[in-house]
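A structural walkthrough
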Amino acid sequence: MSEVKKNLVRYQDLIIKIREFFYSHKVTEVKTPSLLLSPTTDVYIDSIEVKVNQAICRSAELYLHTSPELEMKRLLSKGSGDIFQICQVYRDNEYGKNNSNEFTMLEFYRIDFDMHHLMENIVDLLAALGKTEAITKISYAQAFFEYGNIDILNSDLKGLKKIANSLGLSSNYDWAEDLQTLLFVHLIEPKIRQIPICFIYDYPKEQAALAKIEGSVAHRFELYLNGVEVANGYQEIQTANEYRDRFNTEIYKREKISKQISLVDEEFLKDIKDGLPNCSGVAIGIERLFSTISL
Amino acid sequence: MNYSTSQFKNGMKLMLDGNPCSIVNNEIVKPGKGQAFNRVKFKDLITGKTLEKTYKSGESLEGADVMELEMQYLYTDGEKWHFMEPESFEQFDLSEESMGSAINYLVEQDNCIVTLWNNNPITVVPPIQVILEVIDTDPGLKGDTAGTGGKPATLNTGVVVQVPLFVGIGDKVKVDTRTNEYSGRA
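Residues numbered from 1 in each chain as written. Chains lettered and ligands numbered in written order. Predicted model: local features only at pLDDT ≥ 70, side-chain atom pairs only at ≥ 80, totals over all residues. Heavy atoms only, no water.

**Describing the sheet that holds strand β4 (residues 60-64) of chain A**
All names here are of chain A. Quick reminder of the rule: Strands were regarded as paired on the criterion that DSSP finds at least two bridges between them. Labels follow the DSSP assignment, with helices taken as runs of H or I lasting at least four residues and strands as runs of E lasting at least two, numbered in each case from the N terminus.
Strands sit in the order β2-β4-β3 across an open sheet of 3 strands; the sheet is antiparallel. The open sheet is flanked by β2 (35-36) and β3 (48-52), the only strands paired with a single partner. In terms of strand pairing, β3 meets β4 through 5 bridges, oriented antiparallel. In the strand pairing of β4, K51 is matched with E61.

Written out as structure tokens, the structure reads:
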């Protein structure tokens, strides 16, 4: 068998195993639109704009989805139950060894799962894919204590700037979350490279994204495989008002750093007006996962 | 001239905390929900130390005017070590501190790489392999030719290297300057 064919079959096996895992857990596969009316509001993710229908005088600007998250949440709010999707997603301004303008995402939602339950589910999925190394689970705060001797949750913008300066790094950042991320990339990521499977959970509330906040932390987690970020998950916020607030925060930040902004997606908020069920969801980068798996 | 993170590449010479440094490794890290960073490993060209820094993509650093030139080692007057650039015949000198371990391996007329920063020499890298003469060592055991054991030998630059037992005073030996190891008889 040629190397190309070997790799194609290996990839196919991975996708088959993922599907089998979800089918056996009674999770329904869905397919949602990838051309959307609104760009993402995420401050550090940029949508790719596409112009359509110019020749038929119905010109419109659409945006390739950067993740199927909101479209899947529409389904959840309408009673879809547990769902998963494997799709291509597109992001502008991405470059590097582990980044590109398009990649394959596995996204899934489990009803009545909290964050820890969902992490357990991912461990089972990894096992089904042949990844059975020891699992490390460590909170964001604990990781900073252990690998950097830093009390991250009790460091404000001023304190974080001082830490960055003491490490000889620029402290020219506007928000605490940016400095938290700088310190994470600088201090923590190189340390967790030795760990095959590492979950980091309970992010500082400034980095909540769309996760539920409790006290000073958000029930958000990330999965790192040998120091490479592979998954990002939340115990999901449920009401339209919470979504509106989170979108507005991101839009405000985009405006502050002079990025293209869009209005809050009112259609989405209308569609989820009855709220999402209590659930947790996660997005997994398939190419990055594939590169760590030997099926 | 300033260089932005998007121009960073291995081997690029930049100013860091007042010292010229060379990029050893440059990694772009874009957290899913965060901004993009460059995690960069540098070698300080003066101290030789490795430094790790992380920059927000788009930050920039001042370039360092650093050149590596092949030169001939001329002589030492005890305080300075003198070198000549063979094309321009321009001469440069380095202090003992800047010479570092190169002191152990250079004999007159040897060629080596001298790094200039703002036209001042800052470091010298000797050839990977040099030929030096044994000026002192204990007599070897009779009949030992396989070189199974070892003994210290002082070479003509003053450096001490472990050599096989059969090597005697006056012998010329090859030394690997990266490891300070004997690599054969010359």
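From this point, things continue past the structure.
**Let's talk about the confidence of the model for chain B**
Do not read the fine detail of predicted coordinates wherever pLDDT is low. Basically, it comes down to this: In predicted models, pLDDT denotes the confidence assigned by the predictor to each residue on a 0 to 100 scale.
Per-residue pLDDT for chain B has a mean of 92; in total, 95% of the residues score no lower than 70. For this predicted complex, the interface confidence comes out at an ipTM of 0.90, alongside a pTM of 0.86.

**With respect to the packing of aromatic side chains**
All names here are of chain A. Selection criterion: Only Phe, Tyr and Trp rings are paired, with Trp represented by its six-membered ring, and only when their centres lie within 6.5 Å; those with planes under 30 degrees apart are stacked, over 60 edge-to-face, the remainder tilted. The buried label applies to any residue whose accessible area, calculated with a 1.4 Å probe on protein chains only, is under 20% of its type's maximum; exposed applies above 50%, and partly exposed to all values in between. Placement of a positive charge over a ring is assigned whenever Lys NZ or Arg CZ falls within 6 Å of the ring centre and within 35 degrees of the normal to the ring plane.
Applying the stated criterion to the full structure yields 18 aromatic pairs over all chains. On the basis of an interplanar angle of 85° and a centroid distance of 5.2 Å, the ring pair of F21 and F22 is categorised as edge-to-face. Among the residues examined, F21 registers a relative accessible area of 6% and is labelled buried. With a relative accessible area of 0%, F22 lands in the buried category. Put simply, the rings of F21, F22, Y23, F84 and F108 touch in pairs and so form one group of aromatic residues. The ring centre of Y203 lies 4.5 Å from the NZ or CZ of R220, which sits over that ring.

**Thoughts on the sheet that holds strand β14 (residues 160-163) of chain B**
Residues and elements named next belong to chain B. Just so we agree on the cut-off: Every angle, taken between N-to-C directions, lies between 0 and 180 degrees, and every axis is a line fitted to C-alpha atoms, over only the stretch in contact when it is a helix.
On the basis of which strands lie adjacent, the open sheet formed by 5 strands has the order β14-β13-β12-β15-β16 and antiparallel pairing. Single-partner strands in this sheet number two, and they are β14 and β16 (181-185). The sheet shows a mean angle of 55° between the axes of neighbouring strands, taken without regard to direction. Sheet topology places strand β12 (residues 129-137) next to strand β15 (residues 172-176); 5 bridges connect them, and they run antiparallel. Bridge pairing in β15 places Q129 opposite D176.

**So, the environment of D178 of chain A**
To be explicit about the condition: By definition in these notes, contact holds between two residues if any of their heavy atoms fall within 4.5 Å.
For D178 of chain A, the location among the structural elements is in helix α6 (residues 176-191). Overall, the relative accessible area of 6% leaves D178 of chain A in the buried class. In the structure, D178 of chain A is positioned 50 residues away from A128 of chain A in sequence and 36 Å away in space, judged by C-alpha atoms. When neighbours within four sequence positions are excluded, D178 of chain A is seen to be in contact with Y44 and Y173 of chain A together with Q35 and F37 of chain B.

**Topic: the nonpolar core**
Residue and element names in this part refer to chain A. Rule in force here: What makes a nonpolar core is a set of buried Ala, Val, Leu, Ile, Met, Phe, Trp, Tyr and Cys residues whose side-chain atoms join them at distances within 4.5 Å.
Ranked by internal contacts, the top residues of the largest apolar core, which has 33 residues, are I18, F22, L106, F108, L125, F221 and I284. Tallying contributions element by element places helix α3 (residues 115-128) first for this core, with 7 residues. Excluding residues that lie within four positions of it along the chain, F108 makes contacts with F22, I83, F84, L118, N121, I122, L125, S280, G281, V282 and I284.

**Points about the environment of V185 of chain A**
All names here are of chain A. Looking at the element boundaries, V185 is found in helix α6. Judged by relative accessible area, V185 falls into the buried class, the value being 1%. Along the backbone, V185 and I293 are 108 residues apart, and their C-alpha atoms lie at a distance of 24 Å.

**Re the interface of chain B and chain A**
Applicable threshold: The term buried area refers to how much accessible surface (probe radius 1.4 Å) is lost by two components on association, counted for both of them together. Should a side-chain nitrogen of Lys or Arg be within 4 Å of a carboxyl oxygen of Asp or Glu, the pair is scored as a salt bridge. Polar contacts here mean pairs of N or O atoms no more than 3.5 Å apart (in protein, one a potential hydrogen donor and the other a potential acceptor; neighbouring residues in sequence count only if both atoms are side-chain atoms). Nonpolar residues are Ala, Val, Leu, Ile, Met, Phe, Trp, Tyr, Cys and Pro. Charged residues are Asp, Glu, Lys and Arg, and all others, Gly as well, are polar.
Opposite the 17 residues of chain B that make contact, chain A presents 27 residues. Summed over both sides, the interface between chain B and chain A buries roughly 2000 Å², with carbon and sulfur atoms accounting for 50% of that surface. The three residues of chain B that bury the most area against chain A are K30, K33 and R39 of chain B, which together make up 35% of that side's buried surface. Inspection of the chain B/chain A interface yields 4 salt bridges. Of the charged contacts, one joins R193 of chain A and E27 of chain B as a salt bridge, the two residues approaching to 3.2 Å between their closest N and O atoms. Connecting chain B to chain A are 12 residue pairs in polar contact (both at pLDDT 80 or more). The set of elements that each furnish at least two residues to the side of chain B that touches chain A consists of β3 (19-29), β4 (37-44) and β5 (50-56) of chain B. Looking at the side of chain B that touches chain A element by element, the count peaks at 5 residues for β5 of chain B. Classifying every residue of the side of chain B that touches chain A by side-chain character gives 5 nonpolar, 4 polar and 8 charged.

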